[in-house]
Amino acid sequence: MILIKFIAASIFFLNFSYKNDSIKTPIKEIPKEVKSYDIIVDANGKGDFKTVEEAFNVVPLFKTSQTKIFVKNGIYKEKLELALNKNNVTLIGESKEKVILTYDDYASKSNGAGGTIGTSGSASFIVTGNGFKAQNITFENSSGPVGQAVAVRIDGDRIIFENCKFLGFQDTLYPRESASRQYYKNCYIEGTTDFIFGGSTAVFEDCEIFSKKGGSYITAANTPESNPYGFVFLNCKLTSNSGDSSYFLGRPWRNYARTVFVKCDMGSHIKPLGWHNWGKPEAEKTVFYAEYQSTGAGANTASRVNWSHQLSVEQFKRKYSMKAIFNDWKPN
């Protein structure tokens, strides 16, 4: 009996001690973001790194699983490149409006060797790895109206941007490589001349395309002849602070450019002709510029150039699903 009482008293003492310890030194909960992300970037020094570049540097080459990087609110002035074979990186901002990745290079800037850095070299953010995804981030080239100045250049395949902003003037967004497939969902893209340009297959869904005062062309596709798709805009809103009839939907950087607007809301800044041949009459026979059931003041197709197309219902259903455009890749 004495032994039993001793054991009971010991258990009570231990329980009381643990309870008191838990009151004195409560265990902190691990923040959700620490549980959810592999790397946290915070310009104020409260994450794993202060810069996005440092986070990219520690991503191993040829990684097949996802690396999730969370970026806290802040302005990050960095010229960034996600290198070749740094694959499956997801970059998630705390807030689209307050996470700003920016730089101010431009094409005519000296390269220090008697030449210039060029359009491709002007990019603030370059994606060369495959399987990259960005959410809730503003990407900016802050050099201003100084000619070609790219905010984002994409060379990798299977790239997704969701709820992101792309800010610049001429040549803002450069989906460059012909083998690259890209998907933009609920994004905002602004610029002046040719501010969406390149040779990739890119779908823009539910995006706002804002044509700034001072420009004339929204797109300048460089689609290779072998690619059945170039730029496809689905349910997008075309807005502007420019005047009426001030912008063409596109012009061909190369002669097989392909650009299609499907069920978009087009503002009055869109010119009645719709499309421009860039002074190359021969391109009129090779480009594929088309529209389907768009609305708004700029969507009246009565005066469109006679070498553009209006999709039939059958063409739209057969050729403009995600599966038809992206084949074996399903953006998610």
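Residues numbered from 1 in each chain as written. Predicted model: local features only at pLDDT ≥ 70, side-chain atom pairs only at ≥ 80, totals over all residues. Heavy atoms only, no water.

Turning our eyes to something else, we now look at the overall build of the protein. Secondary structure summary: the protein contains 6 helices and 26 strands in total. Residues classed as buried in the protein amount to 49% of the 332 residues present. When contacts within the protein are restricted to residue pairs at least 6 apart in sequence, those whose partners lie at least 24 apart make up 66%. When the accessible surface of the protein is summed, it comes to about 16,000 Å², and 52% of that surface belongs to carbon and sulfur atoms. (Helix = DSSP H or I, 4+ residues; strand = E, 2+ residues; numbered from the N terminus. Buried < 20%, exposed > 50% of the residue type's maximum accessible area, 1.4 Å probe, protein only. Contact = heavy atoms within 4.5 Å. Areas by Shrake-Rupley, 256 points an atom, 1.4 Å probe, with all protein chains shown as cover.)

Glancing now at the sheet that holds strand β8 (residues 133-135). The strand order across the open sheet formed by 11 strands is β1-β2-β5-β8-β11-β14-β17-β20-β23-β25-β26, and the pairing between neighbours is parallel. At either end of the open sheet lies a strand with only one pairing partner, and these are β1 (39-41) and β26 (309-310). In this structure, strand β25 (residues 288-292) lies alongside β26, joined through 2 bridges in parallel fashion. Of the residues in β26, the one forming a bridge with A290 is H309. (Pairing = 2+ DSSP bridges.)

This part takes up the side chain of K280. With respect to the element layout, K280 can be found in the loop between β24 (265-266) and β25. E282 is the oppositely charged side chain nearest to the buried, salt-bridge-free K280, at an N-O distance of 6.0 Å. A distance of 2.8 Å separates the side chain of K280 from the backbone oxygen of P252, its partner in a polar contact. (Lys, Arg positive; Asp, Glu negative; His and termini not counted. Salt bridge = Lys/Arg side-chain N within 4 Å of Asp/Glu carboxyl O. Polar contact = N/O pair within 3.5 Å; in protein donor to acceptor, adjacent residues only side chain to side chain.)

What follows concerns the layout of surface pockets. Estimated volume of the largest pocket: approximately 240 Å³. Contributing to the lining of the largest pocket are 13 residues, with G131, K133, R158, I160 and N332 lying nearest its centre. Residue assignment for the lining of the largest pocket shows that the elements contributing at least two residues are β5 (89-93) and β8. When grouped by side-chain class, the residues that make up the lining of the largest pocket number 4 nonpolar, 6 polar and 3 charged. (1 Å grid on protein atoms, 1.4 Å probe; cavity = no way out; pocket = protein on both sides within 12 Å on 5 of 7 lines; lining within 4 Å. Points joined across faces, edges and corners; volume = space filled by probe spheres on them. Nonpolar A, V, L, I, M, F, W, Y, C, P; charged D, E, K, R; others polar.)

Take the pairing of strand β6 (residues 99-103) next. Among the 5 residues of β6, 4 are classified as buried, and the element is accordingly described as predominantly covered. As paired strands, strand β3 (residues 74-77) and β6 are joined by 4 bridges and run parallel to one another. Each residue of the ladder has a partner; that of K77, found in β6, is T102. Both β6 and strand β9 (residues 138-141) contribute to a ladder of 4 bridges, which runs parallel. Looking across to β9, one finds that L101 is bridged to F139.

In this section: the confidence of the model for the protein. Any region with low pLDDT has predicted coordinates that should not be read closely. Overall, the predicted model of the protein reaches an average pLDDT of 92, with 89% of residues at or above 70. Residue range residues 1-31 is modelled with pLDDT below 50. Its contacts to residues more than four positions away, or to other chains, number 1 contact. (pLDDT = per-residue confidence, 0-100.)

Moving on to the nonpolar core. Grouped together as the largest cluster of nonpolar side chains are 58 residues, with contacts concentrated most on F161 and F204. Excluding its chain neighbours within four sequence positions, the residues that come into contact with F161 are F132, A134, F139, V152, I154, F166, Y183, Y184, K185 and C187. Y183, V203, V262 and L311 belong to the second-largest nonpolar core, a separate cluster that totals 17 residues. (Core = buried A, V, L, I, M, F, W, Y, C linked by side-chain atoms within 4.5 Å.)

The next thing to look at is unusual backbone geometry. Although it is not a glycine, N88 adopts a positive phi angle of roughly 60 degrees. The backbone phi angle of N163 is positive, close to 55 degrees, even though this residue is not glycine. With respect to the helices, strands and loops of the structure, N163 is situated in the loop between β11 (159-162) and β12 (165-167). Here N163 falls in the partly exposed class, since its relative accessible area comes to 21%.

All right, on to the environment of S226 then. Following the sequence through the fold, S226 ends up in the loop between β19 (217-221) and β20 (231-234). Residue S226 is classed as exposed on the basis of its relative accessible area, which comes to 64%. A C-alpha to C-alpha distance of 9.0 Å links S226 and Y256, two positions 30 residues apart in sequence.

What follows is about the side chain of T193. The residue T193 is located in the loop between β15 (188-191) and β16 (196-198) in this model. For T193, the contacting residues outside a window of four places in its chain are F169, Q170, D171, G215, S216, Y217 and R251.

What follows is about the sheet that holds strand β21 (residues 237-240). Reading across from one edge, β3-β6-β9-β12-β15-β18-β21-β24 is the order of the 8 strands in this open sheet, with parallel pairing throughout. Each edge of the open sheet carries a strand with a single partner, namely β3 and β24. Pairing analysis gives 4 bridges linking strand β18 (residues 208-211) to β21, with the strands arranged parallel. Note that in β21 the partner of S211 across the bridge is S240.

All right, on to the pairing of β25 then. Most of β25 sits inside the fold, with 5 of its 5 residues counted as buried. Looking at chain direction, strand β23 (residues 258-262) and β25 are connected through 5 bridges and run parallel. The residue of β25 that forms the bridge with R258 is F288.

Tracing the backbone shows L82 in strand β4 (residues 80-82). Sequence-wise, L82 and F56 are 26 residues apart; in three dimensions their C-alpha atoms are separated by 6.5 Å. Discounting residues that sit within four places of it in the chain, L82 has contacts with F56, V89, I126, V127, T128, G129 and F132.

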